[in-house]
Each structure stands twice: as structure tokens, then as C-alpha cells.
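Chains, contacts and geometry: an overview
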Amino acid sequence: KKMFMRSNCTVNKFVLLGLAESPDVQLLLFGVFLLVYVFTLLGNVGMMTLVRTDPHFHTPMYFFLYHLSFSDACYSTVIMPNMLVSFISSNKDISFSGCVAQLYSFVFFGIVECYLLAVMAYDRYAAVCSPLRYVVMLPKAVCVWLVSASYTLGFLYAAIYTGCTFGGSFCNSNVIDHFFCDIGPLLKLSCSDRVLREKVIFAFISLNGISTSGVILISYLYVLSAVLRTRSARNRSKAFNTCASHLMVVSLFYGTGFFAYLQPSTSHNGLDKVATVFYTLVTPLLNPFIYSLRNRDVKEAFMKHMKRGFCLR
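Cut-off values and rules
Residues numbered from 1 in each chain as written. Predicted model: local features only at pLDDT ≥ 70, side-chain atom pairs only at ≥ 80, totals over all residues. Heavy atoms only, no water. Disulfide = S-S within 2.5 Å. Helix = DSSP H or I, 4+ residues; strand = E, 2+ residues; numbered from the N terminus. Buried < 20%, exposed > 50% of the residue type's maximum accessible area, 1.4 Å probe, protein only. Contact = heavy atoms within 4.5 Å. Axes fitted to C-alpha atoms, helices over the stretch in contact; angles between N-to-C directions. Left-handed = near helix turned anticlockwise from the far one by under 90°. Nonpolar A, V, L, I, M, F, W, Y, C, P; charged D, E, K, R; others polar. Phe/Tyr/Trp six-rings, centres within 6.5 Å; stacked < 30°, edge-to-face > 60°. Polar contact = N/O pair within 3.5 Å; in protein donor to acceptor, adjacent residues only side chain to side chain. Patch = residues over 30% accessible without salt bridge, like charges linked within 9 Å, V, L, I, M, F, W, Y side chains within 5 Å. Areas by Shrake-Rupley, 256 points an atom, 1.4 Å probe, with all protein chains shown as cover. Salt bridge = Lys/Arg side-chain N within 4 Å of Asp/Glu carboxyl O. Expected span 1.5 Å × (residues − 1). Bend = angle between axes of the 7 residues up to and from the residue.

Here we come to the state of the cysteines. Linking two cysteines covalently via their sulfur atoms produces the bond known as a disulfide. In total, this model carries 1 disulfide according to the counting rule given. Each disulfide pairs two cysteine sulfurs, and for C99 the partner residue is C181, the sulfurs being separated by 2.0 Å. Here C99 and C181 share a disulfide; its torsion about the S-S bond, -125°, makes the bridge left-handed. Highlighted residues: C99 in helix α4 (residues 96-129) and C181 in the loop between β3 (175-176) and α7 (183-189), separated in sequence by 82 residues. A single burial state applies to C99 and to C181, both of which are buried.

On to the environment of A126, then. Along the chain, the position of A126 falls in helix α4. Owing to a relative accessible area of 0%, A126 belongs among the buried residues under this scheme. The spacing of A126 and M137 is 11 residues in sequence and 7.2 Å in space, taken between C-alpha atoms. Excluding residues that lie within four positions of it along the chain, A126 makes contacts with P131, Y134, M137 and L138.

So, about the packing of α4 against helix α6 (residues 140-165). Between α4 and α6, whose axes approach to 8 Å, the crossing angle comes to 145°. With respect to the hand of their crossing, α4 and α6 are arranged in right-handed fashion. In terms of residue class, the contact of α4 with α6 is made up of 19 nonpolar, 4 polar and no charged.

Let us look at the packing of aromatic side chains. Aromatic rings in a pair are described by how distant their centres are and how their planes are angled relative to each other. Using the criterion set out here, one finds 20 aromatic pairs in the structure. Centre to centre, the rings of F14 and F96 are 6.1 Å apart; their planes meet at 25°, and the pair counts as stacked. Of this pair, F14 sits in strand β1 (residues 13-16) while F96 sits in helix α4; the two residues are 82 residues apart in sequence, bridging distant segments of the chain. Considered together, F14 and F96 belong to a single accessibility category, that of buried residues. Summarising the aromatic geometry, the rings of Y75 and F106 are spaced 5.4 Å apart at their centres and angled 15° between planes, so their arrangement reads as stacked. Separated by 31 residues along the polypeptide, Y75 in helix α3 (residues 60-88) and F106 in helix α4 bring together distant segments of the chain. Here the aromatic cluster, defined as three or more aromatic residues joined through ring pairs, consists of Y75, F106, F179, F180 and Y279.

Within the secondary structure, T162 is located in helix α6. Looking at T162, its side chain comes within polar contact range of the main-chain oxygen of A158, at 2.7 Å.

Before going further, it helps to examine a nonpolar patch on the surface. Side chains of L34, L35, V38, F39 and L42 sit close together on the surface and give an oily, nonpolar patch of about 450 Å² of accessible area. Overall, the relative accessible area of 43% leaves F39 in the partly exposed class.

Moving on, we get to α3. Each α-helix turn comprises 3.6 residues. Residues three or four places apart therefore point the same way. Helix length check: α3, at 29 residues, gives a terminal C-alpha distance of 43 Å against a target of 42 Å (1.5 Å per residue), a fit within 8%. Bending of α3 peaks at approximately 35° at the position of T77, with proline P81 no more than four residues after it. With respect to burial, α3 is a largely interior element, 22 of its 29 residues being buried.

Here we come to the pattern of salt bridges. According to the stated counting rule, one finds 4 salt bridges in the structure shown. Between D123 and R124 there is a salt bridge, with the nearest N and O atoms lying 2.9 Å from each other. Ionic pairing is found between E198 and R194, a salt bridge with its closest N-O pair at 3.5 Å. Taking relative accessible area as the criterion, R194 reaches 18% and is therefore assigned buried.

Here it is as C-alpha cells:
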């Protein structure tokens, strides 16, 4: 509490510069990101609705996917509405408390997503490599515990990151060279000693990133090894394509995230904005389509619900 009060005495609000200065470019970006946000919500909320209403999807994989979709929808909503308003408004301000809330929420759902992706990779390992023990390895109680642990870790780590970021004074400037309140650009504005805070953040980001990405990589290596041993060329090709698409999205999320965060705050530049767009806005858009709509069962269930909806009309 004292750390936040110390900052609040020097800065009451921040100014977000956004992605572009030209009004024409801002209008174009507004249209593009509005479409991205709409499709992100449609994909993720649609997936959540399908999992909740269709008994066929009451399995561990879709239980985890439900929470991943929820996390993606919230993750995107933390940033998108404020960014869209800034494109069509001359007011780029965000209050100090609003900035704190945005950073905390962003980190919370980002950490939750990291752990859910790791849990889903383990789920695929259990399903492909030990199909006869799948129910034993992932009973309902274990699934609930894994998801609860993801949210708990997100809550704790978000408090640490937010406390370290706002734990100094902002007396030099209140202009954030970014499109939302992010750790690096905020630390860059701090006029008090930030070396220790940067080291703490770096250590926890490394711990989270390496542990979750390690679980994902090892799980999919086992999955790919099992797939390559199957005799059916068709099943092998199908499973390989699914694993490749999953790994592509995970690599995009982690690669751009590591690029943005595993560097000193003084090294941040314009490329960070591009990288941040990918892991904050593009990944939540792709996840429901990559993880679910490529699945034949999901597509059939989706079409069945669409037909039922039209018949009710």
C-alpha cells in the first residue's frame, strides 16, 4: 500500500501514446482491431457456450479449453476497449488507479494462460501416450485443482509484478510510449532506483516462462514420438498437423512474450509494440480456432447448434 501511495503522490494519470500518431492510420487501425476484437469474443465466448451446453464436451480437454477461452476473452478485453476508444478520441489519458488495474488484470490473465497452456499440453500427453490411464491421470478433482492452481498463481504473480512496477516514483514523465499500461514502459518512466525491481520481475518471468514452456515442449515431444510410432499414415498425419498448429500458437505467444519482457527496460523500443500486439491480441484470436474449430467433433456440434437455432426461429 505504501508503495502505491508513494507513486500516486507524483502522478495522478498517464498518457498512452498508442500505436500511431496519424489520424488516418489510427482510423484504419481502429477498423482492423475492432474486427480482431469482435472475432476474438465470438470465437472464445462461442467455444465456452458450446462446452457448457453440450454434454459431449464435458471432458478434461474441453474443461481446460473452456477456461483458456475465458482467459483469452478477458485477456483481450483488458486492453482492447480502451485502445479502440483512444483511436477515435483525442483523449489518451488513463488514471493512475486505472493503469494499476489494467496492468494487474493483464498480468493475471497472462499468467493464467501460460499455466493453462501447460496443463493442456499435459492433457494431450496423457490422452495420446497413456489412453488407458487417461481417466485415472486426470479425474475431475485433479482437473479442478490444476485450473484452480493456475488462477491462484496468476493472482499471486500479478500482485508481485504490479507491486514491483508501481513501487517507485514517477516524477520525470507520465507519457507511456505504448498502447496499454505494460511493465517495461512503466519502469522506464520511474525516476527512483529500479534495478532490484527489474531483477525480481525478470526472475519471476523467467521462472514462469521456462517452467510452463518446458512442460509444453516435453509433453509435445512425447506426443510426437507416440504419433510417429503409429502405423496409420492418415492418423499420423492428422495428429502431426494438430500438434504442429498447437505448437505454432504457443511459439508465437512465448516467443513474442520473451522478446518483450526478458530485456532491460532501457532497451525497449518500437519493435516491442509489434511483438506485444501478437501475444496480447493475435493469440487470443487464434486459440479458439486452432485448439477447437480444427476439431471435427467441435465443428459438427457447432453446426448442430446453428441449425437448432435457425429452427427455433
